[in-house]
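Observations on the three-dimensional arrangement
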Amino acid sequence: MPARVSEALVLRTYPLKEADLVVSFFTRDQGKLRGVAKRARRPKSPFGAGLERLSHVRMAYFQRETRELVNLDSCELIHSQFGLVSDYRAGVALDYFAEVGEQLLPAAEPSEKFFRLLLAVLEHLKSAAQAVWPAVTYFSLWAVRLSGWLPELNVCLSCGSLLDDAESPERAFFSRGRAGLICGHCRSALGAGNSWELSAESRSLALEMLSKPIGKLSRSHWDQSTAADLRRFLVQQIEGHVERRLITVPLLEDHV
Ligand SMILES: [Zn+2]
C-alpha cells in the first residue's frame, strides 16, 4: 500500500457510516479521486477543517491497485475558502465550481490546466466584491473548452456562415440540445423552438477570455447581467454533456 501525498482541491463529501466521510477530491497529479476518511466526523479528526468544499490541501492517502476508493490518511490545509463564506453569492459560486468539477472531471485523469483554472478563479473570487460574475463566467467557458466541447463562437453551426463578418454581422442564437450557435436565417428555417440570443458583446468577451488570464480582462465593471447570455449558453452545453441539470445554477442566477 504505497503512501502518496497530492496537492488537491476537495470537491464534495458525503457521510458514510456514523463517523466516516467519502471524499471526492481533485488532485493535481492524479486527477479526480474518491476516498474514505475514517473518523472524519469525530472531534480531533486528522482532517480538521481540510475537507470543506474547495479547500486547497495536501492530501495523504493510500492507494491500492484493486480498489476504486483510496484510504485517506490526513490532510494539511494550504488555503481554505473561509474568507468567502460571509458572501452568499460567493458561497454559491464555490458550490457551482465544485459541482461542475465533480460532474465534468473524469476519474483518475490528471488535468493540470483544469487544476490551475480552479486555483485562478478561487483567487479571483477573493480579490474583490462583484468578482463573482467574471469568476463564474471565466470558469464556465474554460471548463467547457478544456473538456473539448466548446464550439466555434463565430460560425453558424447549420449553414457555416460567419457570424461577425464586418460587412454583414449576423445575430447568433443557441438552444438546449444543440452543440453550437446558429444564425437568424437558420433559426427561422429550422423553426428552432426555445432559443436565446448570444450577443456580439458576449461573444467578443468570450474570445478575450480565451486569450487572457482572468486578472487581465479589459472589462472592469461586472454585474449579474454582464454576459448572462454567455453563462446560460455554457451551462446548457455542460448540462447537455453530463445529461443532468446542475443544481447550483438556479441558486446562482436566481432562476428559482
Ligand atoms: Zn445559418
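Summarised in this report is the structure supplied together with it. (Residues numbered from 1 in each chain as written. Predicted model: local features only at pLDDT ≥ 70, side-chain atom pairs only at ≥ 80, totals over all residues. Heavy atoms only, no water.)

Points about the sheet that holds strand β7 (residues 182-183)
- The antiparallel open sheet is built from three strands, whose spatial order is β7-β6-β8. Strands with a single pairing partner mark the edges of an open sheet, and in this sheet they are β7 and β8 (196-198).
- As paired elements, strand β6 (residues 172-174) and β8 share three bridges and run antiparallel to each other. Considered in β8, the bridge of Phe 173 is made with Glu 197. (Pairing = 2+ DSSP bridges. Helix = DSSP H or I, 4+ residues; strand = E, 2+ residues; numbered from the N terminus.)

Some thoughts on the side chain of Asp 20
- With respect to the helices and strands, Asp 20 occurs in strand β2 (residues 20-27).
- Those residues in contact with Asp 20, other than ones at most four positions away along the chain, are Tyr 14, Pro 15, Val 36, Ala 37, Lys 38, Arg 39, Ala 40 and Arg 41. (Contact = heavy atoms within 4.5 Å.)

Observations concerning the pattern of salt bridges
- Inspection of the entire model under this criterion finds 15 salt bridges.
- With a shortest N-O distance of 3.1 Å, Asp 254 and Arg 89 are connected by a salt bridge. Pair noted here: Asp 254 is in the segment after α7 (249-253) and Arg 89 is in helix α1 (residues 88-104), with a separation of 165 residues, a long-range link.
- A relative accessible area of 40% means that Asp 254 is categorised as partly exposed.
- The closest approach of N and O atoms between Asp 164 and Arg 203, which form a salt bridge, is 2.6 Å. One end of the pair, Asp 164, is in the loop between α3 (132-146) and β6; the other, Arg 203, is in helix α5 (residues 200-211), with 39 residues separating them in the sequence.
- One salt-bridge network, held together by shared partners, links Glu 7, Arg 28, Glu 112 and Arg 116. (Salt bridge = Lys/Arg side-chain N within 4 Å of Asp/Glu carboxyl O. Buried < 20%, exposed > 50% of the residue type's maximum accessible area, 1.4 Å probe, protein only.)

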